[in-house]
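# Residue-level structure breakdown
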Amino acid sequence: MPDGTRPSAFDEEEVLSLEAGLRLRLLGNRLQANVTVYDYTYDDLQLTFFTSGQQLTDNVAEASGRGVELDVRYRPTANWDVLLAASYMDTEIDKVDADFLALGGCDDCAGNELPFAPEWSGTAVGTYRWPFAGGSEAVFTTQYHYQAKTFGGADNLALSTVPAWDEFAFRLGYDSGAEWRVTAYVENAFNEEYFERGWENADADNLGGYGLVNTLVWPSKPRTFGLRADWQF
């Protein structure tokens, strides 16, 4: 660390979290379901942000969130296995500390959603198995994932907001039931184009200084084919 400098300091954060859940097993354990509801409140929530060409962490003040998480696994027959998972989340920055504003953490973000917190997300996975003699089997899997829009910072600026996106993946494999198995796969099967996240580096007019502006980063991988082989010994 250069002489005459010191690390930036910020206060510890505190969170009060309440959670309740329900776990069910039905239809002779062929159907399993878990439901969780939660509510949390942060005091001195720590957020990392970019300002004037530097990355800082400071306490925004108060924030809260509430939501529901659901996952269901259903095996209607010995061949089928279906997994569904969904999440709803509602977040808000309730109060902003004056020091956070002075450092450039946001312009006026009270009432905004927390960054990187999609309101909705979900995954569905369906697997079908073809058993063969000797304990071997073929396995086909379809996977789908959805994510609602996410904001890239506390100001919820449009230029760094990731729109909702979804994608499919497929896998077809053969398991010898002994030492080896092989799987062919395609990820992002329909070649969806999206960004994984956004970064807020500037004000609403995109005046960031030091060449940093509001932007989207980490583009999605294109449609990808592959073959994987595993050998156990």
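Going by the structure above, here's the rest.
Residues numbered from 1 in each chain as written. Predicted model: local features only at pLDDT ≥ 70, side-chain atom pairs only at ≥ 80, totals over all residues. Heavy atoms only, no water.

## Observations regarding the environment of Thr150
- With respect to the helices and strands, Thr150 occurs in the loop between strand S8 (137–147) and strand S9 (165–175).
- The buried category is assigned to Thr150, whose relative accessible area is 5%.
- Each C-alpha atom of the pair Thr150 and Glu113 lies 9.0 Å from the other, and the pair is 37 residues apart in sequence.
- Residues in contact with Thr150, not counting those within four places in the same chain, are Phe116, Ala117, Pro118, Ser160, Thr161 and Val162. (Helix = DSSP H or I, 4+ residues; strand = E, 2+ residues; numbered from the N terminus. Buried < 20%, exposed > 50% of the residue type's maximum accessible area, 1.4 Å probe, protein only. Contact = heavy atoms within 4.5 Å.)

## Concerning the side chain of Thr36
- Tracing the sequence through the fold places Thr36 in strand S2 (residues 31–43).
- The residues contacting Thr36, other than those within four sequence positions of it, are Glu19, Ala20, Gly21, Gly67, Val68 and Glu69.

## Looking at the state of the cysteines
- For the structure shown, the criterion picks out 1 disulfide.
- The partner cysteine of Cys106 in its disulfide is Cys109, sulfur to sulfur 2.2 Å. For the disulfide bridge between Cys106 and Cys109, the dihedral angle about the S-S bond is near -55°, and by the sign convention the bridge is left-handed. Cys109 matches Cys106 in its accessibility class, with the two residues each being buried. (Disulfide = S-S within 2.5 Å.)

## A few points about the pairing of strand S6 (residues 80–96)
- Across 14 bridges, the pairing between strand S5 (residues 61–74) and S6 is antiparallel. Each residue of the ladder has a partner; that of Glu69, found in S6, is Ser87.
- Hairpin connection of S5 to S6: 5 residues between the antiparallel strands.
- Relative to strand S7 (residues 120–131), S6 runs antiparallel, the two being bridged by 9 bridges. In the strand pairing of S7, Ala85 is matched with Thr123. (Pairing = 2+ DSSP bridges.)

These values are about where atoms sit, not about what they do.
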